[in-house]
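Coordinate inspection notes
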Amino acid sequence: MAQRTRVMMSGPGWVAGPVMLVVAVLVVAVLVLAASPLARAQSAGVSDPLNGAAIEAIRVVVVNPGPDAAVADRVADSVRRSLALFPGARFSKEAFDLQLARARRTAEVGGLDYDVSLGSAGGVDVEVRVTLGDSAASREGRGRLAGDPDAGSLLLDRNGTYIVGKFDALGLYYANNNSWYGQPGPLLAGNPLVQGQPSGAGYRDWAEAYVHYGVYGITPLSKRVYLYGGLSGITAASSGDELFSSKTRTHTGVEDAYVGLVGGSTDASGNRLVYNLSAGRQKFTLANAFLIANTAANGHDRAALQANARWAADNLVLAQVAYNRLRLEAFHLDPDELPILDSGTRLAGLNAEFRPSPDWMVAASYVQATDGRAAYYGPTGTLVGVRKGLRVYDARFTYAPVESRQGPFGGAEIALQENADFPMKARAGWAELGYRWPATTWSPSLSYRYSYFSGDDPATSAFERWDPLFSGGNGEQWVQGANHFKVVQDSNVVAHRIQLRLKPDPRVEIVPQLWTFRAAEANNIGGNPALSSLNSRDYGREANVTAKWFVSRKIYVHGHLAYTQPGDAVKRALPDKPDDWFSVLMFVRYAY
């Protein structure tokens, strides 16, 4: 495993053997499609798939242990305790860099470096490499502010204070053939996001780009308590015929702006307590993104609709405590919605996760909407109520063998929504079962997932349509279907997914998916207005494939192809015969 991580995050050398063939095929396919009337498109989801991914394994390795193994073990354990990271936690490059700054204060640590690689179950593996030696250089200071012009993005590393700059740039190409099944008129009627002439019948394409720049830092307040914070901005641009607009536009705005305290301790028995308190503009994902992930909106005047440049909420107050295998968090969330669609939603919640063993995780969440104007409509189109007062109860479990062992994996989740102000009983859930062969060529992993999001049954007195809140993330989480998700989101839908995960090289991952979609109820009021009343439950089918290439630690290339067929529910609802929807996406991201 150590060899795999070193290879993955090495310099920008070319991929060899079968990997080169796979990448070449993908690039040729994208170029051919982009030049033809059958170009295809899909949402980028997360432009950096490592950031926000679940940590499957974290390893601390001493690269120069010397003759005294006890010393190396003691230092490695001290670094591990300073990092205070556990499998199941979410990886954040900015946060991890700051955690490494704490670990550098460990006695006898002369240097620290790390690699992040794709895990076998869609998460990431983290390897921290410790070099034993004199840490005096860190106390004296290094970085650009300490007079080191070759320090890269490091501004200062001195006596526990660590300040680092951030600069990410992304360029994206996206195209559709017959987006909105070739009928944008009925499917976009009344949509406030429409500007000019959106993409529709035939071949249309556009380009997006953004730069994300900022500064992040951490400094010790005491031996066990640290103050940290981040401030960044994003400038984004879009040009061409995108899904909602043909207007060329640019936008600059604040992204991250938060402060926090982190600390912890380890007692004589080895029990570890870690806490983290933060507030401000920052990204937040609740568990696996089933309930909350997209805490900022993109597109319209903000541009970068498909690049999904922005993720930080307007304000997040977050308290997290971890004690050994138990993790608790409480939050209050004010998402950064588009002004034209701002529902005034405010969410408060609790989340608890426990690992009875390294392979198993059980968890429960409670979320309440303390405010929100998002409207719920009954089967006759009359207003039933609004989001304020919504209560969500959620329980889930996962089984995933650690250390990439061959064998089955899976999980399930169930959730119930009620409202304090009117009768509501909406339900959602999923179950997944898969098997992985990490030691086999290309490390295949195959899984089947069933998901259900209730619709409103006119025969009952309670409102039953599931409110998707801010669910989403990426196409392997809860963006169900690259094209289909744009028409039918996670409400009144039953989805079946078969997913294959292949890794022809540690730096390359290919993820094909097959989907079928059905409506839970024929009454679809609250969904796309063109599909408010369905004469069939068959929404359609989709096949897509995603390719991820980590060229180096700084460069990431992402491609996606998708083909979607409308089902009878769509065919019978639209005035004209809908066409199949093809799409292609490709972007390159550079992180300094």
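Because the structure is predicted, anything quoted here is derived from the model rather than measured. (Residues numbered from 1 in each chain as written. Predicted model: local features only at pLDDT ≥ 70, side-chain atom pairs only at ≥ 80, totals over all residues. Heavy atoms only, no water.)

A word on the sheet that holds strand β3 (residues 124–132). Reading across from one edge, β1-β3-β2 is the order of the three strands in this open sheet, with mixed pairing throughout. On the outer flanks of this sheet lie β1 (55–62) and β2 (109–118), each paired with one strand and no other. Across this sheet, the average inter-strand angle for adjacent strands is 15 degrees, counted without regard to direction. Bridge analysis of β2 against β3 gives nine bridges, and the strand direction is antiparallel. Along β3, the bridge assignment pairs Asp-115 with Glu-127. Of the strands in this sheet, β1, β2 and β3 are in contact with helix α4 (residues 93–103), which crosses β2 at around 155 degrees. (Pairing = 2+ DSSP bridges. Helix = DSSP H or I, 4+ residues; strand = E, 2+ residues; numbered from the N terminus. Axes fitted to C-alpha atoms, helices over the stretch in contact; angles between N-to-C directions. Contact = heavy atoms within 4.5 Å.)

Let's shift gears to helix α3 (residues 69–83). Over its 15 residues, α3 extends 21 Å from the first C-alpha to the last, a length consistent with the 21 Å expected when each residue adds 1.5 Å. Buried within α3 are the following residues: Ala-72, Val-75, Ala-76, Ser-78, Val-79, Ser-82 and Leu-83. For α3, the angular spread of buried residues about the axis comes to 160 degrees, placing them on one side. Facing away from the buried side of α3 by more than 90 degrees, the exposed set consists of Ala-70 and Asp-73. Contact partners of the buried residues in α3: β1, α4, β2 and β3. Within two residues after α3, Ala-84 carries a phi angle of roughly 55 degrees, on the positive side. (Expected span 1.5 Å × (residues − 1). Buried < 20%, exposed > 50% of the residue type's maximum accessible area, 1.4 Å probe, protein only. Arc of directions from axis to C-beta.)

A word on the nonpolar core. Counting 96 residues, the largest nonpolar core has Val-79, Phe-96, Val-128, Val-130 and Phe-331 as the members making the most contacts within it. Listed in part, the 12 residues of the second largest apolar core include Ala-151, Tyr-162, Val-164 and Tyr-258. (Core = buried A, V, L, I, M, F, W, Y, C linked by side-chain atoms within 4.5 Å.)

So, on to unusual backbone geometry. Residue Asn-308 is not a glycine yet carries a positive backbone phi of 50 degrees. Here Asn-308 is to be found in the loop between β9 (272–281) and β10 (315–323). Within the chain, Ser-443 stands out as a residue other than glycine whose phi angle is a positive 45 degrees. Looking at the secondary structure, you find Ser-443 in the loop between β18 (426–436) and β19 (445–453).

This brings us to the confidence of the model for the protein chain. A low pLDDT score tells you not to read the predicted coordinates there in detail. Residues at a pLDDT of 70 or more form 91% of the protein chain, whose mean pLDDT is 88. The lowest-confidence element of the protein chain is helix α1 (residues 2–8), averaging 33 in pLDDT; the highest-confidence one is strand β16 (residues 390–399), averaging 98. Overall, residues 1–45 carries pLDDT values under 50, and its contacts beyond four positions in sequence, including any with other chains, amount to 122 contacts. (pLDDT = per-residue confidence, 0-100.)

Further remarks concern empty space enclosed by the protein. Tallied over the full model, the rule gives four cavities of 30 Å³ or more. Size it by volume and the second largest cavity reaches roughly 100 Å³. Where the lining of the second largest cavity is concerned, the elements lending two or more residues are α4, β5 (161–177) and β24 (581–591). For the lining of the second largest cavity, a count of residues per class yields five nonpolar, three polar and six charged. (1 Å grid on protein atoms, 1.4 Å probe; cavity = no way out; pocket = protein on both sides within 12 Å on 5 of 7 lines; lining within 4 Å. Points joined across faces, edges and corners; volume = space filled by probe spheres on them. Nonpolar A, V, L, I, M, F, W, Y, C, P; charged D, E, K, R; others polar.)

On to the packing of α3 against α4, then. Packed helices, taken two at a time, are described by their axes: the angle between them and the distance between them. Relative to each other, α3 and α4 sit at 135 degrees, their axes nearing to 8 Å. Comparing the axis directions of α3 and α4 gives the class oblique. Crossing angle aside, the handedness with which α3 passes α4 is right-handed. Contacts between α3 and α4 involve Val-79, Ser-82 and Leu-83 on the former and, on the latter, Phe-96, Gln-99, Leu-100, Arg-102 and Ala-103. Considering only residue class, the contact of α3 with α4 consists of five nonpolar, two polar and one charged. (Parallel < 35°, antiparallel > 145°, perpendicular 65-115°, else oblique. Left-handed = near helix turned anticlockwise from the far one by under 90°.)

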